[in-house]
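Observations on the three-dimensional arrangement
If you want the building blocks of each chain, they are given just below.
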Amino acid sequence: MSTKRRRASPVAAGKKRGKREPPAELCAALRDAALRERAAAAWGGGEPLRHEAAAVEQAPFRHGVIPGFLASPASAEALRDELLSLSFHRRRNDLLSLRQSEELGGRTEPHVAALRHALCEEFRGWLSAVTQIELEPTIDISCAKYEYTDVLLCHDDELEGRRIAFILYLVPPWESSDGGTLDLYSSDEHFQPQHIVKSLVPSWNTLVFFEVSPVSFHQVSEVLSEEKCRLSVSGWFHGPPVLRPARHVEAPLPRSPHIPYDHEILYEWINPVYLDMDSQAQIQEEFEERSEILLKDFLQKEKYQVLCEALENKDIQWSSRGPANKRLYEAAEEDSLPDILKKFLQFLRSEALFLLLSNFTGLKLHFLAPSEEEEEEEEDAGEGRAADSHGDSSPKAEQEEADGDVPETRGGEMQNGSGAPVCAGELRLWTHGHYTLVHDAQATEFALDLLFFCGCEDWDPEYGGFTSYIAKGEDEELLTVNPEDNCLALVYRDKETMKFVKYINQRSSARLKKHPNRRGFWDFSFVYYE
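Here the residue index of a chain counts from 1 through its sequence in written order. Only residues with pLDDT of at least 70 are given local features in this predicted model, and only at 80 or more are side-chain atom pairs given and counted; all residues enter the totals for whole chains, interfaces and linings. In computing side-chain properties, one takes all heavy atoms of the structure into account and sets aside hydrogens as well as water.

1. Some thoughts on the overall build of the protein
Rules: Runs of H or I in DSSP of at least four residues are treated as helices and runs of E of at least two as strands, each being numbered from the N terminus. To sort residues, take the accessible area from a 1.4 Å probe on protein chains only and compare it with the maximum for the residue type: under 20% means buried, over 50% means exposed, and anything in between is partly exposed. Two residues qualify as a contact provided that any one of their heavy atoms is within 4.5 Å of a heavy atom in the partner residue. Exposure was quantified through the Shrake-Rupley algorithm and a 1.4 Å probe, taking into account, for residues, occlusion by the shown protein chains and nothing else.
Helix and strand content of the protein: twelve helices and 27 strands. Burial statistics for the protein: of 530 residues in total, 48% are counted as buried. Once local pairs closer than 6 in sequence are excluded, the contacts in the protein between residues at least 24 apart make up 79%. When the accessible surface of the protein is summed, it comes to about 27100 Å², and 49% of that surface belongs to carbon and sulfur atoms.

Here it is, written out as structure tokens:
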């Protein structure tokens, strides 16, 4: 008897049970012809369908909800157990943080296979009848686990051929306070997301579906429960592609040439170590090797403290920056800033800082800064003078060199016709729920990024809020800049480099106990163009 028990392995027993397992039976509502007709009418623009067995609505974009999607509670539980036994890999990028299974299209687990068959057959037929879209017989399908602080930020799901998205929830009893809601956004006239107007709380064995369109902006809000797992099966039905409107191009931050302040402004603000010419040469050498550098204790200590105190001023007006499919943070209205902050912004836009940044980086951000070609010419000229001690410079050339003649600027243009260096920037506040996302309009030209951080003491990278640089089309990070008090970060990026600020999660709330007067931290974010 013991020998027979050993031969009957759990895997073999499971396979036998799988063979006897009936196909997944979907809820009776999907076979109710009258209910299907009402759903089709609601989808087509008629009265919303709000029935206990199914709901279909137009706003903010066409979507539906089917409670009790799988007819058998036991089948739903068995499906959940099979899914939890799968291997999940952690995914983290600008848009999301979650654990995801491999594609379920080829999985042979009985309940997974039965669900896939039911979706591709019975449910696809119902969806086609309701939406009047000829859906293909195959689907994309995978499983996701969202745990504490996991999130999927605002996006529209658009990809060639995707027509209907679906999510089947297999969650424990869930409340809105647990987070993890499916948030639906309204859109403006430019097909950009505006506000969250509806939030669907995950519910056991409930399926949500919606039309993938230029306005199907949605997100999975951050999971705030430390105990619960938000398990779901999701994917897309495909169909004939539809014509999409041109993407809206938003106005960039205004750029301006430097403000004419001389070098005295540098001595007013900067730690003297960074004004030493030898230090600048060393910084430039390191920067040219790595294309980035972090300058610690950049401001004089007293100036930095005054700056931080001013940032806590209650009279500063902050405006939310969107749209949510690209960013969410608060930017200061410059007119509302205390004088000391206005002066610091002037410092960041000053002619003296443009020249100093040229010395730090080797970039030509000021007409006095030599270009690479000029440096090469000087080296060649130096070699020629070394070979011929008498030289052959004309008196006029010697006089111009002695007088230090340089091209004059007129109306923001160099006299030689090339554009003068410019900058664009803002003061930003970062707190729980803030982020920026990678988007196509970012990588269009070479640029020098400057970030100066304030109020970041005790900031942990686990909170998010760090700036990541990635190669276009890749997830792997090239560089991460963590917020650090009184630090100036300089990063030179090319046309193929994208950047984002990682979503700031619930863990950051622990910091409020130590710093009750601070909602988050601040940075002065500027971009300089040669």
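Text resumes after the structure shown.
2. Re a negative patch on the surface
This is how it is decided: Every patch collects residues that have over 30% relative accessible area and no salt bridge, joining them within 9 Å if they carry like charges and within 5 Å if they are nonpolar side chains (Val, Leu, Ile, Met, Phe, Trp, Tyr). In the sections that follow, a salt bridge refers to a side-chain nitrogen of Lys or Arg positioned within 4 Å of a carboxyl oxygen of Asp or Glu. For the purpose of counting charges, residues Lys and Arg are taken to be positive, whereas Asp and Glu are taken to be negative. His and the chain ends are not included. Charge positions come from single atoms, namely NZ of Lys, CZ of Arg, CG of Asp or CD of Glu.
On the surface, a cluster of negative charge is made up of Glu474, Asp475, Glu476 and Glu477. Within the secondary structure, Asp475 sits in the loop between strand S23 (467-471) and strand S24 (477-481).

3. Quick notes on helix H4 (residues 73-84)
Owing to its 3.6 residues per turn, the α-helix aligns residues three or four sequence positions apart on the same side. Note the cut-off: To estimate how far a helix should extend, the number of its residues minus one is multiplied by 1.5 Å. The directions considered for the arc are those from the helix axis to the C-beta atoms.
Look at H4: 17 Å from first C-alpha to last across twelve residues, which is about the 16 Å you get at 1.5 Å a residue. Those residues of H4 that fall on the buried side of the exposure criterion are Ser75, Ala76, Leu79, Glu82 and Leu83. Angular distribution of buried residues about the axis of H4 spans 125°; they occupy a single face of the element. Set apart from the buried face of H4 by more than 90 degrees, the exposed residues are Pro73 and Ala74.

4. Structural notes on the environment of Glu250
Here is the rule: Polar contacts, as counted here, are pairs of nitrogen or oxygen atoms within 3.5 Å of one another; within protein the pair requires one atom able to donate a hydrogen and one able to accept it, and residues that are adjacent in sequence qualify only if both atoms are side-chain atoms.
On the secondary structure map, Glu250 appears in the loop between strand S13 (230-238) and strand S14 (256-257). C-alpha of Glu250 to C-alpha of Pro323: the two residues are 73 residues apart in sequence and 9.8 Å apart in space. Those residues in contact with Glu250, other than ones at most four positions away along the chain, are Gly322, Pro323, Lys326, Arg327 and His439. Looking at Glu250, its side chain comes within polar contact range of the side chain of Lys326, at 3.5 Å.

5. Details of the nonpolar core
Note that soluble globular proteins tend to have their nonpolar side chains buried in a common cluster. The criterion, for reference: Side-chain atoms within 4.5 Å are what join buried Ala, Val, Leu, Ile, Met, Phe, Trp, Tyr and Cys residues into a set we call a nonpolar core.
Counting 47 residues, the largest nonpolar core has Phe524 and Tyr528 as the members making the most contacts within it. Counting residues in each nonpolar core, the second largest holds 45 residues, with Leu30, Val130, Phe166 and Leu231 among its members.

6. Section: the sheet that holds S24
Rules: Two strands form a pair only when DSSP identifies at least two bridges running between them. Lines are fitted to the C-alpha atoms to define the axes, a helix being fitted only along its stretch in contact, and any angle between axes, read from their N-to-C directions, falls within 0 to 180 degrees.
Ordered in space as S24-S23-S26, the three strands form an open sheet in which the pairing is antiparallel. The sheet terminates laterally at S24 and strand S26 (497-501), the two strands that pair on one side only. Across this sheet, the average inter-strand angle for adjacent strands is 20°, counted without regard to direction. Across four bridges, the pairing between S23 and S24 is antiparallel. Along S24, the bridge assignment pairs Thr467 with Val481.

7. Some remarks on the pattern of salt bridges
Should the charged atoms of two oppositely charged side chains come close, the side chains can pair. The full count for this structure, using the stated rule, is 30 salt bridges. In this structure, Glu147 and Arg99 form a salt bridge, with 3.5 Å as the shortest nitrogen-oxygen distance. Residue Glu147 is found in the loop between strand S6 (139-146) and strand S7 (151-155), and its partner Arg99 is found in strand S5 (residues 96-101); the two are separated by 48 residues along the sequence. Looking at Glu147, the relative accessible area reads 27%, which means it is partly exposed. As a salt-bridge pair, Glu484 and Lys296 come within 3.3 Å of each other at their nearest N and O atoms. You can see Glu484 sitting in the loop between S24 and strand S25 (488-493) and its partner Lys296 sitting in the loop between strand S15 (292-295) and helix H8 (301-311), a full 188 residues away along the chain. Here the salt bridges do not stand alone but share partners, grouping Asp156, Glu158, Arg244 and Arg247 into one network.

8. Some words on unusual backbone geometry
Following Ala59, the chain continues to Pro60 via a peptide bond in cis, the omega torsion being 0°. Considering the arrangement of structural elements, one finds Pro60 in the loop between strand S2 (54-57) and strand S3 (63-66). Note the cis peptide between Gly322 and Pro323, where omega equals 0°. Checked against the element boundaries, Pro323 lands in the loop between strand S16 (318-321) and strand S17 (327-332). Phi is positive for Asp297, which is not a glycine, with a value near 50°. Position of Asp297 relative to the elements: it lies in the loop between S15 and H8. For Asp458, which is not a glycine, the phi torsion comes out positive at approximately 65°.

9. A look at the confidence of the model for the protein
Rules: Scored from 0 to 100, pLDDT reflects the predictor's confidence in each residue.
Across the protein, pLDDT averages 88, with 87% of residues at or above 70. Contacts for the low-pLDDT stretch residues 1-19, under 50 throughout, to residues beyond four places or in other chains number one contact. With pLDDT under 50 throughout, residues 382-418 is counted as low confidence; its partners more than four residues away or in other chains account for 21 contacts.

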